[in-house]
Amino acid sequence: MQEKYTPSDIERSRQAHWESSQSHRTLEKSTSPKYYCLSMFPYPSGKLHMGHVRNYTIGDVLARYHRMRGFNVLQPMGWDAFGLPAENAAMANHVPPAEWTYANIDHMRTQLRALGFAIDWSRELATCKSDYYRWEQWLFVRLFKAGIIYKKMASVNWDPVDATVLANEQVIDGRGWRSGALVEKREIPMYFFRITQYADELLAGLDKLPGWPERVKTMQANWIGKSVGVRFAFPYQLDNQPGKLWVFTTRPDTIMGVTFCAVAAEHPLATHAAKNKPELAAFIAACKQGSVAEADMATMEKKGMDTGLKVTHPLTGEAIPVWVGNYVLMSYGDGAVMAVPAHDERDFDFFIRYKEQFSPLKPVVAPLNWIGQEITTSPSGSGVGIHPLQWAPSISIPGGEARFWTEWDERFSEKGICVNSGKYDGLNYVQAVDAIAADLEALGLGEKKTQFRLRDWGISRQRYWGCPIPIVHCAACGDVPVAEDQLPVVLPENVVPDGAGNPLNRRADFVDCTCPQCAGPAQRETDTMDTFVESSWYYARFACPDFTDGMLDGRANAWLPVDQYIGGIEHAILHLLYARFFHKLMRDQGLVKSDEPFLNLLTQGMVIAETYYRENADGKKTWFNPADVVNDENGARLKSDGQPVIVGGIEKMSKSKNNGVDPQALIDLYGADTARLFTMFAAPPEQSLEWSDAGVEGAHRFLKRLWRTVYEHVQQGEVAIYQAGELRDELKTLRRQLHQTIQKVSDDIERRKQFNTAIAAVMELMNALIKIEGSDTLTRSVRQEVLEAATRMLAPIVPHICEVLYAELQPGADAQITWPTVDESALVQDSVELMLQVNGKLRGQIVVATHAARDVIEAAALSSAAAIKYLEGRPPKKVVVVPGRLVNIVL
RNA sequence: GCCGGGAUGGCGGAAUCGGUAGACGCAGCGGAUUCAAAAUCCGCCGCUGGUAACAGUGUGGGGGUUCGAGUCCCCCUCCCGGCACCA
C-alpha cells in the first residue's frame, strides 16, 4: 500500500476499472428489486457548475448506497440539448447551435466521468437528436388528432426593431436586450396543450405523492389554483345590439357591492370603445407596452380608464361603468372582472385612485359585516378617513349615514353576514352564494363554476434551435399534421441564427413541402416546441433509449416510476408539473401504466454566488465571474484591471449573470472525492448553498487522515475483524459508537437524505478511533472493524478512495462492497446521563441505570448536589421526568 | 404584487417528536515537531463579568403558549426561489 494519498492516480485507475468491467451498466434482467435514480439532466451550457456537481453527487450517493444494499440500480444521464443559449452563443461566435451544443456535450461528459459518477453511459441520449425528438413529433401528431393540442392566439413579447419574438429573460426593463427598443405585446397563433383538461387530476394526484416535499406540492396546488365561484354576465346594449360581459368571481356574496367592471386592454369591449376615443386608444396602446411576464404585470402601477360604456347589474339593474384596467389579464377567465372596492383590496386601491372619476362620487356600498363583530352604537366620527374599526357599526344602521374610508383593512375581505344586500341580507357566505347563483341561473345570466388559475400550455416558439412542430399549412386543407411515415421532421443543423426572427423561415428547402392530405404545394410550420416538452418525457425514454419502433417499449413499465428524482427547487412548478402532465398523456395513449412519473422527489437548494457587473455607456451590463473579482474592505474590484465593479447581489448561479463557479479547479487541485465530499458536507441538500472556497481544505484533510489511518493499521499486518470476546471499556465504547454511527448514517442517507450529518458522524467516529492506542490483537481487531465499516459507509460519497482502502483492508475481496450491518448487542448500555434542570435552567447531571423507574430517577435527582443547592430545604413544586433525557425541578 | 422557502458564533452548518444550543468542519489563537517553512500532531475557541469555580446572557426583531421554545402560535423586517418564452 502506498503511504501517500494521491487522488489523481487512484481516481484514474478506479474509473478505468469501472469502465473496463462495466460496473455501472444496469442489468436488464435481475431478481433484485429495481431502483431508478434520476437526476435532472443538464442543459449543455459549456462547463459543469457547482449546481451540477451538487445535483449529480446527491444522485450518485443514493444510487451507490442502494447498489450496496442489493438493488438493481438504474442511473442514466442525458442532455437537454435544445434551447436559447445555443442560439445566443451561435450569434456571438458565428457557429451553428448544433456544433456548439455537441462540443459542450463532449466536454461536460468528460467532466462527469472525471467526477466518478456511477452512470450507465450506454443509455445516454440528447434531445436535439432526431432519434429522440421524432417520438415527440409522433406523439404531437396523435395528440393533435385527438384534440389535446389545438391552436389559438396568444401574446408574445415583440421587439419592433429586431422584428423578433423575445423570451421574458430577453426583456430588460421593458426593452429588447439587443435592440434596446420598447417591447410590445403582440398576438400570434400558437399551439397549446390542453393541460387544463387534466387540472383536477394533477391537483388530486399531489395527495398520492407522500415522497414529495410539502413545499413543492403546495406550490403546485397554488399554481393550479382551483377556485369555486360563479361565472355570470352583465348584459348591455351596444350599437343597438345586445351583449353580455362575462366575469368570474370567487366572491359572489359581494355581488351587491359591484361599483364598476374592469376589462383587459385586449378585451373586445375595450377595443370597441377605443374606436371613437383617442385617449382610450392611447391608454390601451400604453397597456400593450412592456413584457408579457406576469411578474411585470403584477408589480406595475394599477392604472385604468373609463370606457364610457355601461353594463347592467344582473340583479339590481343598476348601470355599471366599464373600465379598462392594466391589471386585468386577458388570459385568465374571460379577461374581465367585477370590482367591489368594499371587499377586494385591488379594487379598493383602484377605486381610491380614481374616486373623483366615479360620477357622481358615491360611497362604497358595504354589504358585509365582519364575523363576530358586535354591532352597537353609531360612532361619532364622520366623513373621509374614519377608522376602519368604526366602519362596521356605522354601515349597519338602517338609513344611517354611509361612510367612506381611505385605508384598507384586511378584515374588509373576510367572509361574513350580508348586509345592505337587499333580499340577501342576513345570509352567510354559503347561503348567499347559493341564493345568488340560483337567481343568476334563473335569469340565464350565470352559474356556479370551478375555475383554475392554470392556463393551457402554449408550446410554439418562434425559434430555430428546437424540435420542429410537425404541422404543414395547406391553402386547401388548413393545418395538417405530418403523416407518421413522414416523421421525423428533421431540423437542419447547419444554420447560424442572426437575431432577426427564425432563420427557418428563410430556408425554402425546409419550408416548401407537399400537403400530406391533398399532395398540393404547402408550407411547413417553422415554429419549434418549447424545450420543456423534451424534458417532460426523457425519464421514460431512458428505460429504452435504443428502441427504434416506437416511443417506449415494455421496459418503460418495468423501470417506471422513477424511485428517486433529484433536481433544483427552481423546477418545483413548471418542469415537474409538465412532466406529471405528460406522464398522464402517455398513460392515456397506452404508453405507460403508472399515474405519476416520480415516486420520491428531492429538491436540492440552489448553489448561489455573488454577482458583479459594470454598466456600459449604452446602459447594458457586463457581468464578471466571482473568480475574477476581489471583494474586500476596499470594495469589489476586477483582478485584471483593479478598477471597481458593482456588487449585484447573491443569486442562483447562471450563465446570464456569469456567477457560476467552475468545479474543474477543485477537481484538478484536490481530486473528485474531495469535491464530492465537500459538496455533500457543506450544507444539507435541500438548503441553498452560498458558495465559498473555504472549507474544501478540511474535506481534503479528512481524506488524507483516513488514508493514513488505514495505512498505519495495514502496515501492522493482517487481522480479522472483531467478533467476540471480553473488551475493555474503552473498546466497548468505541464499538458502541461504531454501531450507533452505522445506524445514524443509514438513516441519514436513506430516510433523511441529509448527507452532511452522515459525514460528520463518520468524522466523529474517526476522531474517536484515532484516540485509541495499543496494538494488541483485540484492539487491532476492533480497529479493523471500525475502519472497514467507515470505508463502506463513505463509499457512496467518496467511492474512489474507499474502494482502494477497502481492498487494502480486505485483500482479495474484489466483489461489490456491501453496506455494513448494525450489531444490536454492541448498542447495549447500562447507565445513562440525564440533564438536571431547576426551573428549566441546566444546573447539573445525574447518572442512572438505563431503564430506571421514574421514582428512582426523581429520588436520584432530588438527592443530587445541584438540587440540594437550589432547593435550599424547600419542597419542589413539581418534578418533570423525561426518561433518557432530563429531570426538571420546578420551585 | 402573488405563491413557496430561509435567517443559529468570525464563516459553512448541528440540534431528527417541545427537553444539554453551537455536533462536525473552516478560520483564528497558543503549543509540539522543524535550521526554517509547508505538512502533521496536541490544546483553546458564542458574548459579558470573573484568576478560577461560577454567574448572567444568547438562535433576525417584537409579543404569546409551556415546567421547559432555535423548534409551536400571532405580528414585523430582511434575504432567496418561482410567476407560464432562461433551463
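Let me sum up the structure you'll find in this document. Starting from 1, residues in each chain are numbered consecutively following that chain's sequence as written. As a convention, the first chain written is A and the first ligand written is 1, with the rest following in written order. Local features are withheld for residues below a pLDDT of 70 in this predicted model, meaning they are given only at 70 or higher, and side-chain atom pairs are given and counted only at 80 or more; totals for whole chains, interfaces and linings count all residues. Computation of side-chain values covers all heavy atoms of the structure but excludes hydrogens and water.

Turning to the protein's contact with RNA strand B, a few remarks are in order. One heavy atom within 4 Å of a molecule or strand is enough for the residue carrying it to be called near that molecule or strand. With respect to spatial proximity, 76 residues lie near RNA strand B, and among them Asn168, Arg461, Arg463, Lys744 and Asn888 are the closest. Put simply, 62% of the atoms of RNA strand B that lie within 4 Å of the protein are in sugar or phosphate. Residues adjacent in sequence count toward polar contacts only when both atoms are side-chain atoms; beyond that, a polar contact is any pair of N or O atoms within 3.5 Å, and within protein one must be able to donate a hydrogen and the other to accept it. In the model, a phosphate oxygen of RNA strand B is placed 3.4 Å from a nitrogen or oxygen of the Gln687 side chain. A distance of 2.6 Å separates a base oxygen of RNA strand B from a polar atom in the side chain of Arg751. Side-chain classes are defined by residue name, with Ala, Val, Leu, Ile, Met, Phe, Trp, Tyr, Cys and Pro counting as nonpolar, Asp, Glu, Lys and Arg as charged, and the others, Gly among them, as polar. Looking at the surface near RNA strand B, its residues break down into 30 nonpolar, 20 polar and 26 charged.

We now examine the sheet that holds strand β13 (residues 304–312). In space, the 4 strands of this open sheet follow the order β13-β14-β12-β15, with mixed pairing throughout. Unpaired on one side and paired on the other, β13 and β15 (336–339) mark the two borders of the sheet. On average, adjacent strands in this sheet sit at an angle of 30 degrees to one another, irrespective of strand direction. Looking at chain direction, β13 and strand β14 (residues 319–325) are connected through 6 bridges and run antiparallel. Bridging across to β14, Gly304 finds its partner in Gly325. Lying on the sheet, helix α9 (residues 278–287) is in contact with β13 and β14; it crosses β13 at an angle near 115 degrees. Whether two residues are in contact is decided by their heavy atoms: any pair within 4.5 Å suffices. Only C-alpha atoms enter the line fits that serve as axes; for helices the fit covers just the stretch in contact. Angles between N-to-C directions range over 0 to 180 degrees. Runs of E in the DSSP output that reach at least two residues are strands. Runs of H or I that reach at least four are helices, and both are numbered from the N terminus. Helix α11 (residues 345–353) rests against β12 (260–263), β13, β14 and β15 of the sheet, and its axis sits at about 100 degrees to β12. DSSP-based pairing: two strands are paired if at least 2 bridges between them are found.

Further remarks concern the environment of Leu38. Looking at where Leu38 falls in the secondary structure, it is placed in strand β1 (residues 34–39). In the structure, Leu38 is positioned 39 residues away from Met77 in sequence and 8.0 Å away in space, judged by C-alpha atoms. Not counting the four nearest positions on each side in its chain, Leu38 is found in contact with Pro76, Tyr538, Tyr539, Phe542, Val562, Gln564, Tyr565 and Ile566.

What follows covers the packing of helix α7 (residues 214–224) against helix α18 (residues 574–588). Put simply, α7 and α18 touch, their axes get as near as 10 Å, and they point 75 degrees apart. Classified by the interaxial angle, the pair formed by α7 and α18 is roughly perpendicular. Judged by residue contacts, Val216, Gln220, Trp223 and Ile224 of α7 engage Leu574, Leu576, Leu577 and Arg580 from α18. Here the contact of α7 with α18 is built from residues that sort into 6 nonpolar, 1 polar and 1 charged. Any angle between 65 and 115 degrees counts as roughly perpendicular, while under 35 counts as roughly parallel, over 145 as roughly antiparallel, and the rest as oblique.

This part takes up the pattern of salt bridges. Close approach of charged atoms lets side chains of opposite charge pair. We count a salt bridge whenever a side-chain nitrogen from Lys or Arg sits within 4 Å of a carboxyl oxygen from Asp or Glu. The tally for this structure, following the rule as stated, stands at 43 salt bridges. For Asp253, the salt bridge goes to Arg251, with nearest N and O atoms at 3.0 Å. With a 1.4 Å probe rolled over the protein chains alone, any residue whose accessible area is under 20% of its type maximum counts as buried; one over 50% counts as exposed, and the rest are partly exposed. Judged by relative accessible area, Asp253 falls into the buried class, the value being 0%. A relative accessible area of 13% places Arg251 in the buried class. Put simply, Lys744 and Asp748 hold a salt bridge, and the shortest N to O gap is 3.1 Å. Residue Lys744 and its partner Asp748 are located together in helix α22 (residues 729–752), separated by 4 residues, close to a single helical turn. When its relative accessible area of 34% is taken as the criterion, Lys744 is described as partly exposed. For Asp748, a relative accessible area of 1% corresponds to the buried category.

Once that is clear, we can look at the nonpolar core. Side chains of nonpolar character tend, in soluble globular proteins, to be buried together. What is meant by a nonpolar core is a set of buried Ala, Val, Leu, Ile, Met, Phe, Trp, Tyr and Cys residues, joined one to another through side-chain atoms within 4.5 Å. Phe193, Tyr539 and Met586 are the most contacted members of the largest nonpolar core, which totals 173 residues. With 10 residues, the top contributor of residues to this core is helix α23 (residues 755–771). Listed in part, the 35 residues of the second largest apolar core include Ala274, Ile284, Ala432 and Ile436.

As for its position among the elements, Gln564 is in strand β24 (residues 562–568). Setting aside anything within four residues of it in sequence, one finds Gln564 in contact with Tyr35, Tyr36, Cys37, Leu38, Leu62, Asn600, Leu601, Leu602 and Lys753.

Relative to the helices and strands, His313 is located in the loop between β13 and β14. Judged by relative accessible area, which is 1%, His313 ranks as buried. At 3.1 Å, the side chain of His313 and the backbone nitrogen of Leu315 are in polar contact. In contact with His313, not counting residues within four places along its chain, are Phe234, Ile255, Met256, Val258, Glu318 and Ile320.

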